[in-house]
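# Geometric and topological summary
Spelled out, the chains give:
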Amino acid sequence: MKSGLAETKQLSEQQRLIVESVEELCSKFDDRYWRELDSKGSYPEEFLKSIERLGLAALPVPEEYGGPSLGLREAYLVLENINLNGGNSQPLHGQYYLLFNLTKFASPTLKEKYLTRLARGEMRLQSFALTEPDAGSDTTRISTSAKKKGGEYEINGHKIFISRVMQSDLMLIAARTTPYEEVNKKTEGISLFLVDLRDAISKGQIEAKQIRTIFNSQTYELYIRSLMIPEENMVGEEGRGFRYLLDVLNPERILISAECIGDAKWFVNKCVNYANSRVVFQRPIGVNQGVQFPIASVYSELVAAEALSWQAAGYYDEYSRKGRIDEKLMGAYANISKYLAAECSSKAANVAMDIFGGYSMTRDTDVARKMIENRLYRVAPISQNLVLGYLAHSVLGLPKSY
Amino acid sequence: MPLSIVVLVKHVYDEGQLKVDAATGLVSLQGVPGKVSTFDRNALEAALRLKQKFGGTVTTLTLGSEEANKSIREALAMGVDNAFLVRTDDLLKLDSRQVVEGLAGGLSKMPKWDIVMCAEGSTDVYSSVIPAMLAEKLDVPYLSYLRSIELEGQTLKGDRSLEKRVVTVECELPAVVSVVSEIYEPRIPTLLQIMAAMKKQITTFDFRDMNVEGEARYSLEGMFAKAVDRKKVMFEGSPSEVASKLVDSMAKEGLI
Ligand SMILES: Cc1cc2nc3c(=O)[nH]c(=O)nc-3n(C[C@H](O)[C@H](O)[C@H](O)COP(=O)(O)OP(=O)(O)OC[C@H]3O[C@@H](n4cnc5c(N)ncnc54)[C@H](O)[C@@H]3O)c2cc1C
């Protein structure tokens with residue numbers, strides 16, 4: 001590992017080689033690369049192309065479609081190491097959990113249609129449209145509708161904060177095939193569709209307006225008008241989309257943990273190097289316990305959060321392969337991992353902001369850039385409150401608050 | 001005719017992670033992780049490119065402990081076809097002659113080869129003597145420090161980097177070659193190549209079966225870090241004054 005921190009996970013030989021490839025790739029895309037993208041607000045096109053060339057973007061695609069068929073732990077390592085080396089793995093994060101979803105729930109026809117091309121790195125699947133202005137954390141309240149017309153579905157609605165719409169080729173969209181008012185359970189009646197974005201945008205069926213954010217993200221507000229989707233592009237069965245979403249939310253949370261752990265390690269490394277080299281009062285600031293204790297403290301939290309999230313990823317890989325996953329245990333693992341990893345990385349970010357003093361505010365140290373990039377994970381894809389709400393209700397048996 | 005290239009790959013201590021005892025100056029190898037000698041990856045790249053152009057196989061040969069399998073696996077992930085390890089747990093106790101004889105012993109048990117490709121030196125000791133001694137032992141020509149390689153029929157040609165000049169050299173195969181690290185940037189293994197590498201065989205020989213006679217003629221007594229004092233010269237004045245003072249001073253030191 002490039003960082004000075006010891007690897008506490010037990011990696012297989014193959015996993016170690018994957019980490020080495022990622023590290024080597026990252027060494028070609030240094031801090032300056034990410035800083036420049038940040039100032040221009042551009043998508044990491046060159047980086048992603050290299051990721052695709054190395055076959056890393058296709059990591060979860062099954063062997064029968066020409067992919068490596070690797071699991072969550074390998075995906076975890078890729079994301080962790082990109083962030084740990086100063087990059088931002090967001091686009092890849094999207095592609096991974098969407099591929100897990102397609103692999104698990106799409107029909108053989110749909111897989112045939114897209115997975116082979118995704119495996120070859122010829123297409124990107126990095127966009128997922130769920131959030132709506134009137135349905136934030138309360139996702140079952142979405143009102144985007146999908147109505148069957150002959151062999152097609154017509155989709156109409158309004159989505160917000162949808163990432164990488166202009167950078168991806170495909171987008172998964174959640175829409176109601178049965179309105180909220182007409183279903184017995186609020187989780188019913190939602191369906192998932194795979195959208196060919198280039199086609200839909202060129203026909204004016206999707207209008208995408210970029211949202212200006214405080215960090216480098218490509219996030220859009222979508223106006224969807226008479227978007228026509230062939231029936232075969234529905235993922236799984238009609239009305240069962242929410243269940244499919246929950247299924248991939250667990251791996252998604254674990255992937256978010258990986259990114260947070262990567263960020264936390266980046267901050268700790270930065271802090272250690274700076275505390276050892278910055279001399280004030282004629283000695284390195286690192287000799288002061290007021291400087292070293294916060295670093296040591298957040299480091300210990302990071303090691304603990306990492307142990308749990310790595311275990312969670314292993315649990316998902318082992319039991320989803322056997323088809324015997326204990327949903328409750330998986331949910332607890334995934335949510336606690338996300339919660340702890342996001343807490344510890346944002347704490348590490350704050351520690352770094354303090355330790356770098358005035359220099360934390362300069363663009364060239366990258367500390368503020370990383371802090372804001374990482375800040376997102378406290379809210380998206382799920383807020384820390386909603387995670388706690390889930391744990392309180394589903395794991396501890398307290399009354400439901402949402 | 002397809003080419004058979006053997007690349008020498010060494011597993012070394014990661015020089016970036018060596019620890020020096022401040023009081024004694026002794027370098028400790030305790031707990032220092034191993035890695036592939038960085039320049040070997042450039043040699044691997046050169047071999048893999050020759051294979052791409054002319055067909056054939058790329059094989060690696062390593063002298064070292066079981067630990068070296070890590071580096072060998074990395075070479076396999078880059079696209080190497082076969083790997084051989086001459087196993088010894090006492091690499092640091094061997095002298096150059098013994099190393100060369102061990103490698104030659106390994107080569108004699110391997111399929112016929114046309115080129116033995118080496119790096120300019122290893123990132124740990126950087127003695128750079130092994131390729132030359134090996135060529136002598138094998139009684140084949142040696143082209144050293146190549147920064148480019150071409151093959152025409154059985155003639156191997158290349159530009160050799162010397163301090164102030166570049167000379168073009170050639171010889172007939174079989175031959176031993178060493179390449180400088182600038183020759184090519186090494187490829188990064190793809191995911192599918194990594195997975196394929198896990199299925200490839202590493203054949204292991206025992207160093208004791210290589211018929212290396214006699215004792216080492218020199219031995220390693222210890223490793224010390226050399227303290228390098230910095231001059232710490234400060235220049236004052238406006239940027240343009242400082243710049244010319246800096247240039248003058250560097251010229252005086254013979255740096256430029
Ligand atoms: C940069 C960026 C990229 C994004 N990309 C995507 C994307 O690609 N696709 C997509 O579908 N969405 C995306 N999102 C949306 C993101 O998932 C939502 O912002 C997130 O789910 C929270 O929804 P909200 O913003 O509407 O917050 P709200 O739901 O309005 O919540 C606001 C606050 O209230 C709290 N709160 C709400 N309800 C409760 C409760 N019951 N108990 C306790 N606290 C509560 C929350 O914790 C939060 O602190 C993105 C967002 C951002 C900022």
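Structure first, text after, so check above.
Anyway, here's the lowdown on the structure attached to this text. Keep in mind the model is a prediction, meaning the values are calculated, not measured. (Residues numbered from 1 in each chain as written. Chains lettered and ligands numbered in written order. Predicted model: local features only at pLDDT ≥ 70, side-chain atom pairs only at ≥ 80, totals over all residues. Heavy atoms only, no water.)

## Overview of the overall build of chain B
Scanning chain B for helices and strands turns up six helices and 13 strands. Along the first, second and third principal axes, the C-alpha set of chain B runs to 65 × 45 × 40 Å. For chain B, the accessible area works out to roughly 14,300 Å², and carbon and sulfur atoms hold 52% of it. Separation of charge centres in chain B, based on 31 positive and 36 negative side chains, amounts to 3 Å. (Helix = DSSP H or I, 4+ residues; strand = E, 2+ residues; numbered from the N terminus. Areas by Shrake-Rupley, 256 points an atom, 1.4 Å probe, with all protein chains shown as cover. Lys, Arg positive; Asp, Glu negative; His and termini not counted. Charge placed at Lys NZ, Arg CZ, Asp CG, Glu CD.)

## Here we look at a negative patch on the surface
All names here are of chain B. On the surface, a cluster of negative charge is made up of Glu150, Glu152, Glu170 and Glu172. Those elements giving two or more residues to the negative patch turn out to be β9 (142-152) and β11 (166-172). Tracing the backbone shows Glu172 in strand β11. (Patch = residues over 30% accessible without salt bridge, like charges linked within 9 Å, V, L, I, M, F, W, Y side chains within 5 Å. Salt bridge = Lys/Arg side-chain N within 4 Å of Asp/Glu carboxyl O.)

## Quick word on empty space enclosed by the protein
All names here are of chain A. As enumerated under the stated definition, the model contains two cavities of 30 Å³ or more in all. Of the volumes computed, that of the largest cavity is approximately 40 Å³. Counting residues per element, the ones that place at least two in the lining of the largest cavity are α8 (241-277) and α10 (327-355). Broken down by element, the lining of the largest cavity gets its largest block of residues, four residues, from α8. Class assignment for the residues of the lining of the largest cavity results in five nonpolar, one polar and three charged. Within this model, the second largest cavity holds a volume of roughly 40 Å³. In terms of lining residues, the second largest cavity is bounded by Leu5, Ala6, Thr8, Lys265, Tyr299, Leu302, Val303 and Glu306. Tallying contributions element by element places helix α9 (residues 289-322) first for the lining of the second largest cavity, with four residues. Within the lining of the second largest cavity, the residues separate by chemical class into five nonpolar, one polar and two charged. Of the residues that make up the lining of the second largest cavity, three or more belong to each of domain 1 (2-123) and domain 3 (242-395). (1 Å grid on protein atoms, 1.4 Å probe; cavity = no way out; pocket = protein on both sides within 12 Å on 5 of 7 lines; lining within 4 Å. Points joined across faces, edges and corners; volume = space filled by probe spheres on them. Nonpolar A, V, L, I, M, F, W, Y, C, P; charged D, E, K, R; others polar. Domains from an automatic or database assignment.)

## Overview of the pattern of salt bridges
Under the defined criterion, the tally for this structure stands at 46 salt bridges over all chains. A salt bridge links Lys9 of chain A to Glu306 of chain A; the shortest N-O distance between them is 2.6 Å. Of this pair, Lys9 of chain A sits in the segment before α1 (13-28) while Glu306 of chain A sits in helix α9, and the two are 297 residues apart along the sequence. A relative accessible area of 7% places Lys9 of chain A in the buried class. By relative accessible area, which is 3% here, Glu306 of chain A ends up buried. Between Asp90 of chain B and Lys93 of chain B there is a salt bridge whose closest N-O contact spans 3.7 Å. (Buried < 20%, exposed > 50% of the residue type's maximum accessible area, 1.4 Å probe, protein only.)

## Concerning helix α12 (residues 384-395) of chain A
One turn of the α-helix equals 3.6 residues, which is why residues spaced by three or four share an orientation. Residues and elements named next belong to chain A. For α12, which comprises twelve residues, the first-to-last C-alpha distance of 16 Å matches the rise-based estimate of 16 Å (1.5 Å per residue) to within 8%. Regarding α12, the residues found buried are Gln384, Val387, Gly389, Tyr390 and Leu391. Elements in contact with the buried residues of α12: α10. Looking at the residues trailing α12, positive phi occurs at Gly397, about 75 degrees. (Expected span 1.5 Å × (residues − 1). Contact = heavy atoms within 4.5 Å.)

## Quick notes on the site of the ligand
Residues and elements named next belong to chain A. Residues in contact with the ligand amount to 19 residues; listed here are only the nearest, Phe128, Thr131, Ser137, Phe161 and Ser383. In this structure, Phe161 approaches the ligand through a main-chain N or O atom, which is 2.8 Å from a nitrogen atom. Expressed as a share of its isolated accessible area of 980 Å², the protein-covered part of the ligand is 65%. At the level of elements, β3 (152-163) and α12 are the ones that each hand at least two residues to the shell around the ligand. The dominant element in the shell around the ligand, judged by the number of residues it contributes, is β3, at three residues. By residue class, the composition of the shell around the ligand is eleven nonpolar, eight polar and no charged. No fewer than three residues from each of domain 2 (126-238) and domain 3 (242-395) sit in the shell around the ligand. (Near = heavy atom within 4 Å. Polar contact = N/O pair within 3.5 Å; in protein donor to acceptor, adjacent residues only side chain to side chain.)

## Side note on a nonpolar patch on the surface
A cluster of nonpolar residues, Tyr13, Leu18, Leu92 and Leu220 of chain B, forms a patch on the protein surface that exposes about 340 Å² of accessible area. When you line up the elements, Leu92 of chain B lands in the loop between β7 (82-87) and α3 (96-108).

## Brief notes about the packing of aromatic side chains
Residues and elements named next belong to chain A. Across all of its chains, the model carries 15 aromatic pairs over all chains by this definition. Both rings, one in Phe29 and one in Tyr33, keep their centres 4.8 Å apart while their planes meet at 70 degrees; by these two values the pair is edge-to-face. Exposure class is identical for Phe29 and Tyr33. Each is buried. Seen from their ring centres, Tyr97 and Phe128 are 6.1 Å apart, and the 80 degrees between their planes marks the pair as edge-to-face. (Phe/Tyr/Trp six-rings, centres within 6.5 Å; stacked < 30°, edge-to-face > 60°.)

## Some details on the sheet that holds strand β13 (residues 202-206) of chain B
Residues and elements named next belong to chain B. Spatial strand order, β11-β10-β9-β12-β8-β1-β6-β7-β13: nine strands in an open sheet with mixed pairing. Two strands close off the open sheet at either side, each with one partner strand: β11 and β13. Strand-to-strand twist in this sheet, taken as the mean axis angle between neighbours without regard to direction, amounts to 30 degrees. Here three bridges tie strand β1 (residues 3-8) to strand β8 (residues 115-119), and the two strands are oriented parallel to one another. Each bridged residue has a counterpart across the sheet, and for Val6 the counterpart in β8 is Val116. Sheet contacts for helix α4 (residues 130-138): β1, β8, β9 and β12 (175-179); angle to β12, the most-contacted strand, approximately 175 degrees. (Pairing = 2+ DSSP bridges. Axes fitted to C-alpha atoms, helices over the stretch in contact; angles between N-to-C directions.)

## Details of unusual backbone geometry
Note on backbone geometry: most residues besides glycine have negative phi, and most peptide bonds are trans. Going from Ala380 of chain A to Pro381 of chain A, the amide bond is cis rather than trans, its omega being 0 degrees. Structurally, Pro381 of chain A can be placed in the loop between α11 (367-375) and α12. Residue Leu173 of chain B is joined to Pro174 of chain B through a cis peptide bond whose omega torsion reads -5 degrees. By the element assignment, Pro174 of chain B lies in the loop between β11 and β12. Of note, Asp139 of chain B is a non-glycine position whose phi angle comes to about 60 degrees, a positive value.

## Focus on the side chain of Ser383 of chain A
Residues and elements named next belong to chain A. Along the chain, Ser383 falls in the loop between α11 and α12. Of the residues examined, Ser383 reaches a relative accessible area of 16% and is grouped as buried. Setting aside its immediate chain neighbours within four residues, Ser383 contacts Lys338 and Arg378.

## Brief notes about the interface of chain B and chain A
When the parts of a complex come together, some accessible area is lost, and that lost area is often used as the size of the interface. Taken residue by residue, the interface counts 18 residues in chain B and 20 residues in chain A. Overall, the association of chain B and chain A removes approximately 1,500 Å² of surface from exposure, summing both partners, and the carbon and sulfur fraction of that is 66%. If you look at where chain B meets chain A, you find three salt bridges. For the pair chain B and chain A, the interface holds five residue pairs in polar contact (both at pLDDT 80 or more). Those elements that place two or more of their residues in the side of chain B that touches chain A are α2 (69-78) and α5 (191-197) of chain B. Element by element, the count of residues in the side of chain B that touches chain A is highest for α2 of chain B, at five residues. Looking at side-chain class alone, the side of chain B that touches chain A contains nine nonpolar, three polar and six charged residues. (Buried area = accessible area lost by both parts, 1.4 Å probe.)

Geometric values such as these leave the question of function open.
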